[in-house]
Amino acid sequence: MSAQAAETGRQVGVSINGVTKVYETRGEPITALAECSLDLKPGEFVSVVGPSGCGKSTLMLMLAGLIPSSSGEITIGDTPVQGPYTDLGIVFQEPVLLDWRKVLGNILLQVELRKGMKGKDYEGRARELLKLVGLEGFEDRYPFELSG
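Scoring rules and cut-offs
Residues numbered from 1 in each chain as written. Predicted model: local features only at pLDDT ≥ 70, side-chain atom pairs only at ≥ 80, totals over all residues. Heavy atoms only, no water. Phe/Tyr/Trp six-rings, centres within 6.5 Å; stacked < 30°, edge-to-face > 60°. Lys NZ or Arg CZ within 6 Å of the ring centre and 35° of its normal. Helix = DSSP H or I, 4+ residues; strand = E, 2+ residues; numbered from the N terminus. Contact = heavy atoms within 4.5 Å. Axes fitted to C-alpha atoms, helices over the stretch in contact; angles between N-to-C directions. Parallel < 35°, antiparallel > 145°, perpendicular 65-115°, else oblique. Left-handed = near helix turned anticlockwise from the far one by under 90°. Nonpolar A, V, L, I, M, F, W, Y, C, P; charged D, E, K, R; others polar. Salt bridge = Lys/Arg side-chain N within 4 Å of Asp/Glu carboxyl O. Buried < 20%, exposed > 50% of the residue type's maximum accessible area, 1.4 Å probe, protein only. Pairing = 2+ DSSP bridges. Core = buried A, V, L, I, M, F, W, Y, C linked by side-chain atoms within 4.5 Å.

Peer 1: In this structure, what is going on with the packing of aromatic side chains? I would like to understand it.
Peer 2: In this description, a pair of aromatic rings is defined by centroid distance and the angle of the planes. Throughout the structure, instances matching the rule amount to one aromatic pair. Here lysine 21 stacks its cationic end above the ring of tyrosine 23, 5.2 Å away from the centre of that ring.

Peer 1: Mind showing me how you'd approach the environment of isoleucine 67 here?
Peer 2: Mapped onto the elements of the fold, isoleucine 67 is located in the loop between helix H2 (56-63) and strand S3 (71-76). Taking the C-alpha atoms as reference, isoleucine 67 lies 8.3 Å from proline 84; in sequence the two are 17 residues apart. Not counting the four nearest positions on each side in its chain, isoleucine 67 is found in contact with Lys21, Tyr23, Thr58, Leu61 and Met62.

Peer 1: Just to check I follow, could you spell out the packing of helix H3 (residues 103-113) against helix H4 (residues 119-132) for this structure?
Peer 2: Helix-helix packing: each pair is described by the crossing angle between the helix axes and the interaxial distance. One way to put it is that H3 packs onto H4 with a least axis distance of 9 Å and a crossing angle of 125°. Relative to H4, H3 is oriented oblique. Remark: the crossing between H3 and H4 carries right-handed chirality. Packed against H3, whose contacting residues are Val103, Leu104, Ile107, Leu108 and Val111, the element H4 presents Gly119, Tyr122, Glu123, Ala126, Arg127 and Leu130 at the interface. Looking at side-chain class alone, the contact of H3 with H4 contains eight nonpolar, one polar and two charged residues.

Peer 1: How do you make sense of the pattern of salt bridges when you look at a structure like this?
Peer 2: Pairing is possible between side chains of opposite charge, provided their charged atoms come close. Per the counting criterion, the structure on display carries five salt bridges. Measuring nitrogen to oxygen at the nearest pair gives 3.5 Å for the salt bridge that ties glutamate 123 to lysine 120. With glutamate 123 and lysine 120 both in helix H4 and three residues apart, this pair spans about one turn of that helix. Here lysine 120 falls in the exposed class, since its relative accessible area comes to 69%. A salt bridge links arginine 127 to glutamate 139, with the nearest nitrogen and oxygen atoms 3.5 Å apart. One end of the pair, arginine 127, is in helix H4; the other, glutamate 139, is in the segment after H4, and twelve residues separate them in sequence.

Peer 1: Help me out: how do you make sense of the sheet that holds strand S4 (residues 79-80) in this one?
Peer 2: Sheet strands pair via backbone hydrogen bonds, and the direction of the pair is either parallel or antiparallel. One open sheet holds the four strands; their spatial order is S2-S1-S3-S4, and the pairing between them is antiparallel. Since the sheet does not close on itself, it has two edges, and those belong to strand S2 (30-40) and S4, each with one partner. Bridge count for strand S1 (residues 14-23) against S3 is five bridges, and the pairing is antiparallel. Bridging across to S3, serine 15 finds its partner in threonine 75. Relative to S1, H2 is tilted by about 120°, and along the sheet it contacts S1, S2 and S3.

Peer 1: Can you walk me through the nonpolar core in this structure?
Peer 2: Generally speaking, soluble globular proteins have nonpolar side chains that are buried together. Ile16, Leu59, Met62 and Ile74 are the most contacted members of the largest nonpolar core, which has 13 residues in total. Contributing elements (two or more residues each) for this core: S1, S2, H2 and S3. Excluding residues within four positions of it along the chain, methionine 62 makes contact with Val19, Lys21, Leu33, Ile67, Pro68, Ser69, Ile74 and Val81. Listed in part, the five residues of the second largest apolar core include Val103, Leu104, Leu108 and Leu130.

What follows is the structure, given as structure tokens:
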């Protein structure tokens, strides 16, 4: 929990404390995000906006544990993010569906990639999610068969 959250006594869902990300390149290092700090309450809805290249996607990837920060700390609840955080989802800017897999297969891909999990066990939930977003009946279609 950041000092700011501790001082106010508020519960924190996500704490980003002094997070920096520097990408090493062949030339000079590139700082994608510098000294970012933010506390989010559980259930709080926040939008991150800014110009291209300011570190929005980098921050989201670090929150999800998909890339490490160069310095600082990110915690979700009381748990430091130190690798992929599986209770969090990301909607990417560009579609990242596999063209050769049908819609249901794309949804179940992450289950299939995790050890000990079987897609068949989660098919019902995947179908519920499709219904929630208005895609019921499109389970056996390919991504190119859907509108943008």
